[in-house]
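Geometric and topological summary
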Amino acid sequence: MLPKKASVCVFCGSRAGNRPAYAEAARATGEMLAKNGWRLVYGAGDVGLMGEVARSAQAAGAETFGVIPVHLLNREVGKRDLSTFVVTETMHERKKVMFMNSDAFVVLPGGGGSLDEFFEILTWRQLGLHEKPIVFLNIEGYWDPVLAMIDSIVTEGFAEASLAGYFTVAADVDALEKALLAAPAVG
C-alpha cells in the first residue's frame, strides 16, 4: 500500500484530447491524489491534461512537484505556483528527476511524450532497475491499442509474458485509486 506522503508521478498529455472524459479523469485524479495525502509529480505544464490534474490537485490541497525542461517553459506554460518547480536542461534530465522523486507512476491519456515516459519506466522495470507500481488509466479504452501492442510484443517473442505484469490497467479513477492503494510500498 502506498503510504501517506507518497509521491505519484502522472504522465499525461499537454493537450486535452477530443473527449471531455479525459479532462474529467485528469481532474478526478488530482483530487484523488490529494484525498490520499499523495504528492503529485508531473511535467509542470499548465496546459492540457497536465494543467487539469495539477490545478485540481492544488485546489484539493495536494503538494505538487513539477519538472519542465527550459525549452518547454513557454510551449507547456510552466506552472510556477507549484509547491516545487524544477527547470531542467533536457528532457532526459526531466524524466530522471521525475523518476527519482516518485513512488508510483500513473499514465493518463496523452501523446508521444506520455508513451516515451511510460515505455522508459516500463523498460527500467523489466530490467530490474525499480519495482515501483505503474498504472494505466484507460479512460474510454484510450490505451487499448497500446495494450494490444504490448500483447503482440510478447506473442511475437520480443518479451517475456511477465512484461504485462509490470503494470496495472484501471478503467476509471476509482479503480486507479484501488490499484494504488493495493500496490506494495517500495523503499
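Further up the page is the structure itself.
Residues numbered from 1 in each chain as written. Predicted model: local features only at pLDDT ≥ 70, side-chain atom pairs only at ≥ 80, totals over all residues. Heavy atoms only, no water.

1. Notes on the state of the cysteines
Filter applied, for reference: Whenever a pair of cysteine sulfur atoms sits within 2.5 Å, that pair is classed as a disulfide.
Taken as a whole, this structure holds zero disulfides when the rule is applied. Residue Cys12 stays outside any disulfide, its sulfur separated by 9.1 Å from that of Cys9, the closest cysteine.

2. Considering the sheet that holds strand β4 (residues 84-88)
Filter applied, for reference: By definition, two strands form a pair when at least two bridges between them are found by DSSP. Strands here are runs of E lasting at least two residues and helices are runs of H or I lasting at least four, both read from the DSSP assignment and numbered beginning at the N terminus. To get an axis, a line is fitted to the C-alpha atoms, and for a helix only the part in contact is used. The angle between two axes follows their N-to-C directions and goes from 0 to 180 degrees. The contact criterion used throughout is that any non-hydrogen atoms of two residues lie within 4.5 Å.
Pairing within the open sheet is parallel, and its seven strands lie in the order β4-β3-β2-β1-β5-β6-β7. The sheet is open, and its two edges are formed by β4 and β7 (168-170), each paired on a single side. Across the sheet, the axes of successive neighbouring strands diverge by a mean angle of 20°, strand direction being ignored. Here four bridges tie strand β1 (residues 7-11) to strand β5 (residues 104-107), and the two strands are oriented parallel to one another. From the neighbouring strand, Val10 faces β5, where its bridge partner is Val106. Seen against the sheet, helix α3 (residues 91-100) touches β1, β2 (39-42), β3 (64-69), β4 and β5 and runs at an angle of roughly 165° to β3. With respect to the sheet, helix α6 (residues 173-182) is in contact with β1, β5, β6 (134-137) and β7, its orientation differing from that of β6 by roughly 175°.

3. As for the pairing of β1
The line we're drawing: Burial classes follow relative accessibility: with a 1.4 Å probe on protein chains only, a residue under 20% of its type's maximum area counts as buried, one over 50% as exposed, and anything between as partly exposed. Looking down the strands as they point away from you, a crossover is right-handed if its path from the first strand over the helix to the second goes clockwise.
Most of β1 is tucked away: five of the five residues are buried. Neither face of β1 is left uncovered, since the one carrying Ser7, Cys9 and Phe11 and the one carrying Val8 and Val10 both have all their residues buried. Pairing of β1 with β2, which is carried by three bridges, proceeds in the parallel orientation. Residue pairing in the sheet places Cys9 in a bridge with Val41 of β2. With helix α1 (residues 20-35) bridging β1 and its parallel neighbour β2, the resulting β-α-β unit is right-handed.

4. Thoughts on the side chain of Lys95
Locating Lys95 in the fold gives a position in helix α3. On the basis of relative accessible area, Lys95 is assigned to the buried category, the value being 11%. Beyond its immediate stretch of four places on either side in the chain, Lys95 contacts Asp116, Glu117 and Glu120.

5. What about the pattern of salt bridges?
Where we set the bar: Just to be clear on terms, a salt bridge is a Lys or Arg side-chain nitrogen sitting within 4 Å of an Asp or Glu carboxyl oxygen.
What the rule picks out here adds up to 10 salt bridges. Between Lys35 and Glu177 there is a salt bridge, with its nearest N and O atoms 2.9 Å apart. Taken together, the positions of Lys35 in helix α1 and Glu177 in helix α6 put the pair 142 residues apart, joining distant regions of the chain. Using a relative accessible area of 57% as the deciding quantity, one classes Lys35 as exposed. Among the residues examined, Glu177 registers a relative accessible area of 12% and is labelled buried. Notably, a salt bridge pairs Asp46 with Arg55, separated by 2.5 Å at the nearest N-O pair. By relative accessible area, which is 35% here, Arg55 ends up partly exposed. What emerges from the salt-bridge pattern is a single network uniting Arg27, Asp46, Glu52 and Arg55.

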